[in-house]
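Fold and contact review
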Amino acid sequence: MQHKPFRATAHAARMLLRNRKSYALLSVTIILSFSVLLCYLSFVDSKTYNDYKEVFAVPRNVVLAEKQGDRAVFDAFVTMAKDTGAEVCTYLSASTKLTQYGEISSCITFLPEGNRPVYRAIPRKYNLPEPVTPSYGCTEMSLHGNEAIINEKFYRTLGSPQVFPFALDVPFHWEDGSFTSFHLSVVGVCPDTVFECDEFRRDAQGIMCGFAQIYTTLHVLGTHTGADMALPTYTAWLCSDQPQKIVGFGEKLDLTVAAACTAQNEATAEIRTHKATKALLSIGLLFLLGINLYSSFANALSERKFEIGVKRALGASAWSIVFQFLTEGILVMTANLLISVGVSANILIGYKIYQKIAKNTQWTIILSGDSAAMFLTCAVSLTLVFSLVFAYRSTKVLIAKHLRAE
């Protein structure tokens, strides 16, 4: 023999099937409401994650500082940074033109020999230091002698030689007007930066134009130094337990600074603002959902008043009516909640596919813990509150009035 709760639940399920047309209309409202809420929460979280994933991928203790021309100020900065215990690696870079290929401009960066950390500043939304890692050829930024690594689009312009190393001559003019040709051995290729986003192209006169990034070693300079160059740029990569202090030194000495800690602090402040906005909008959505659900439940109940009157006239207790409608409400809300999750997942996956096809972007779908808590709170509270309201109002039906009306 079944226990009473199981019999009541089975009876509630049968009544759902019998009144499926009425509940179908109610379900449309519930599914749309919960789908909108879940899509909104997940979209905000996903957008936040995708906007800032590059920011938080860079170690917080990394700082990149640059100074053009003034070696004395740069050296003062490096000394101040080392006094705090920071690990420091310095680079030297300058511009040149690869006249043998046309009007191709190039930034050539001279690195200490060996396996060194190599970063570059990427001025997207944040001025963020980005690690430079070879995409093919060699496996790391470890250069010796006259070895070099070039950017991918320049490599393709050269005809994409498949065998490494291959020779590359780089003409270079010194400040005094003298000329040197660096005979480099290209051992690898690194990804392009935003500065190299334009394809190499030929102008109206058929001359090749573009931008080449070349990394080689200080060894190729021989006896020359940055003082011999027209506009050298001195760069320091720093790893420090006090990155904010290092940033302060750089700003005080008027260096161009790209720091992960600064970018992450700004991103964290924006994320907090997004969370507050999300909470306020969720409350507003909850209020609107509540109005819609109340109206929908009221319409569903009005179609069942004769049924309730008959049951009460036949001796059904108020509690049995309450339990039946409470169970029906919970079953409807739970089923529609699960459908809403499926609908939302499909919408978000569709948007992910759109980002991949239309924008070639790897868009990650995220639902944060606080958003999941907001959604579950809304779902559970609305389910319980409106199921209880639905059940309570069912006991207020005037039996004789509705029986006479029929």
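In every chain, residue numbers begin from 1 and rise along the written sequence. The predicted origin of the model limits local features to residues at a pLDDT of at least 70 and limits the giving and counting of side-chain atom pairs to 80 or more, whereas totals for whole chains, interfaces and linings rest on all residues. Heavy atoms throughout the structure, all of them, feed into the side-chain values; hydrogens and water do not.

1. Re a nonpolar patch on the surface
Taken together, the side chains of Ile349, Ile353, Ile357 and Ile365 make up a nonpolar region of the molecular surface, amounting to roughly 370 Å² of accessible area. For helices the rule is a DSSP run of H or I covering at least 4 residues; for strands it is a run of E covering at least 2, with both sets numbered from the N terminus onward. Within the fold, Ile349 resides in helix H8 (residues 318-359). The patch calculation keeps residues exceeding 30% relative accessible area without a salt bridge and links them within 9 Å when they carry like charges or within 5 Å when they are nonpolar (Val, Leu, Ile, Met, Phe, Trp, Tyr). Calculation of accessible area relied on Shrake-Rupley with a 1.4 Å probe; when residues are assessed, cover is drawn exclusively from the protein chains displayed. Any Lys or Arg side-chain nitrogen found within 4 Å of a carboxyl oxygen on Asp or Glu counts as a salt bridge.

2. As for the side chain of Thr217
Take Thr217: it is sitting in strand E13 (residues 208-217). Side-chain polar atoms of Thr217 contact the backbone oxygen of Gly145, separated by 2.5 Å. For Thr217, the contacting residues outside a window of four places in its chain are Phe110, Leu111, Glu113, Leu143, His144, Gly145 and Glu147. Any pair of N or O atoms that falls within 3.5 Å is considered a polar contact. Within protein, one atom must be able to donate a hydrogen and the other to accept it, and sequence-neighbouring residues count only if both atoms are side-chain atoms. Here a residue-residue contact requires only that any non-hydrogen atoms of the pair lie within 4.5 Å.

3. Focus: helix H3 (residues 71-83)
Helix span, as expected, comes to 1.5 Å for every residue beyond the first. For H3, which comprises 13 residues, the first-to-last C-alpha distance of 18 Å matches the rise-based estimate of 18 Å (1.5 Å per residue) to within 8%. Tucked into the core, H3 has its buried residues touching strand E1 (62-68), strand E2 (87-98), strand E14 (233-239) and helix H5 (243-252). One side-chain oxygen at the N-terminal end of H3 lies 3.3 Å from the backbone nitrogen of Ala72; it belongs to Asp70. The positive-phi residue at the C-terminal boundary of H3 is Gly85, with phi of around 90 degrees.

4. Considerations on the nonpolar core
Ranked by size, the top nonpolar core spans 43 residues in total, and within it Phe77, Phe182 and Ile214 carry the most contacts. With near-sequence residues (within four places) excluded, Phe77 lies in contact with Ala65, Ala236, Leu238, Ile246, Phe249, Gly250, Leu253 and Leu255. With 25 residues, the next largest nonpolar core counts Cys89, Leu111, Val118 and Tyr119 among its residues. In these notes, a set of buried Ala, Val, Leu, Ile, Met, Phe, Trp, Tyr and Cys residues joined through side-chain atoms within 4.5 Å is what counts as a nonpolar core. Burial here depends on accessible area, computed with a 1.4 Å probe over protein chains only, as a share of the maximum for the residue type. Under 20% is buried, over 50% is exposed, and the range in between is partly exposed.

5. Details of the confidence of the model for the chain
On average, residues of the chain carry a pLDDT of 82, and 79% of them reach 70 or more. Confidence per residue, as judged by the predictor, is encoded in pLDDT with a range of 0 to 100. Segment residues 399-406: pLDDT under 50, and eleven contacts once partners within four positions in sequence are set aside and those in other chains are kept.

6. Re the packing of H3 against H5
Axis geometry follows a simple rule: fit a line to the C-alpha atoms, using only the stretch in contact for helices, then measure angles between N-to-C directions, giving values from 0 to 180 degrees. Close contact between H3 and H5 brings their axes to 10 Å; oriented N to C, the two are set at 160 degrees. In terms of orientation, H3 and H5 fall into the roughly antiparallel class. When you trace H3 past H5, the crossing you get is right-handed. Taken together, the residues of H5 that come into contact with H3 (itself represented by Phe77, Met80 and Ala81) are Ile246, Phe249 and Gly250. Just so you know the grouping, Ala, Val, Leu, Ile, Met, Phe, Trp, Tyr, Cys and Pro go in nonpolar, Asp, Glu, Lys and Arg go in charged, and all remaining residues, Gly too, go in polar. Residues of the contact of H3 with H5, tallied by class, amount to five nonpolar, one polar and no charged. Angles below 35 degrees are treated as roughly parallel, those above 145 as roughly antiparallel, those between 65 and 115 as roughly perpendicular, and all remaining angles as oblique. The handedness criterion is simple: a crossing whose near helix is rotated anticlockwise from the far helix by less than a right angle is left-handed, and one whose near helix is rotated clockwise is right-handed.

7. Description of the pattern of salt bridges
This model, assessed by the stated rule, comprises six salt bridges. Here Arg71 ties to Asp75 by a salt bridge, and the two come within 2.8 Å at their closest N and O atoms. Taken together, the residues Arg71 and Asp75, both in helix H3 and four residues apart, mark about one turn of the helix. Owing to a relative accessible area of 41%, Arg71 belongs among the partly exposed residues under this scheme. In this structure, Glu130 engages Arg120 in a salt bridge whose closest nitrogen and oxygen atoms are separated by 3.4 Å.

8. A look at unusual backbone geometry
Residue Phe164 is joined to Pro165 through a cis peptide bond whose omega torsion reads -5 degrees. Along the chain, the position of Pro165 falls in the loop between helix H4 (152-157) and strand E10 (166-173). For Asp254, which is not glycine, the phi dihedral falls at a positive 65 degrees. When you line up the elements, Asp254 lands in the loop between H5 and strand E15 (256-259). Phi at Asn360 is positive, roughly 50 degrees, even though this residue is not glycine.

9. A look at H5
Three or more residues of H5 are buried, namely Pro243, Ile246, Val247, Phe249 and Gly250. Around the axis of H5, the buried residues are gathered within 160 degrees of arc, so they sit on the same side. With respect to the buried face of H5, the exposed residues turned more than 90 degrees away are Glu251 and Lys252. Each C-beta atom gives one direction from the helix axis, and the arc is the one those directions make.

10. Considerations on the environment of Asp370
Summarising the element assignment, Asp370 is placed in helix H9 (residues 369-394). For Asp370, a relative accessible area of 28% puts it in the partly exposed group. The spacing of Asp370 and Ala279 is 91 residues in sequence and 9.3 Å in space, taken between C-alpha atoms. What Asp370 contacts, discounting residues up to four positions off in sequence, is Lys275 and Lys278. At 2.6 Å, the side chain of Asp370 forms a polar contact with the side chain of Ser368.

11. Some points on the pairing of strand E11 (residues 179-190)
Looking at chain direction, strand E7 (residues 136-137) and E11 are connected through two bridges and run antiparallel. Across the sheet, Tyr136 pairs through a bridge with Val189, a residue of E11. Both strand E9 (residues 147-151) and E11 contribute to a ladder of five bridges, which runs parallel. Across the sheet, the residue bridging to Glu147 is Ser185, located in E11. Strand pairing is assigned whenever DSSP detects at least two bridges linking the two strands. Here E10 runs beside E11; their pairing, made up of eight bridges, is antiparallel. Pairing of Leu168 across the sheet is with Leu184, part of E11. Once E10 ends, the chain turns through five residues before running back antiparallel as E11, passing Gly177 with a positive phi of about 95 degrees.

12. Some remarks on the side chain of Ser35
Looking at the secondary structure, you find Ser35 in helix H2 (residues 20-57). On the accessibility criterion, Ser35 (6% relative accessible area) is buried. Contact partners of Ser35, with chain neighbours within four places excluded, come to Ser340, Val343 and Ser344.

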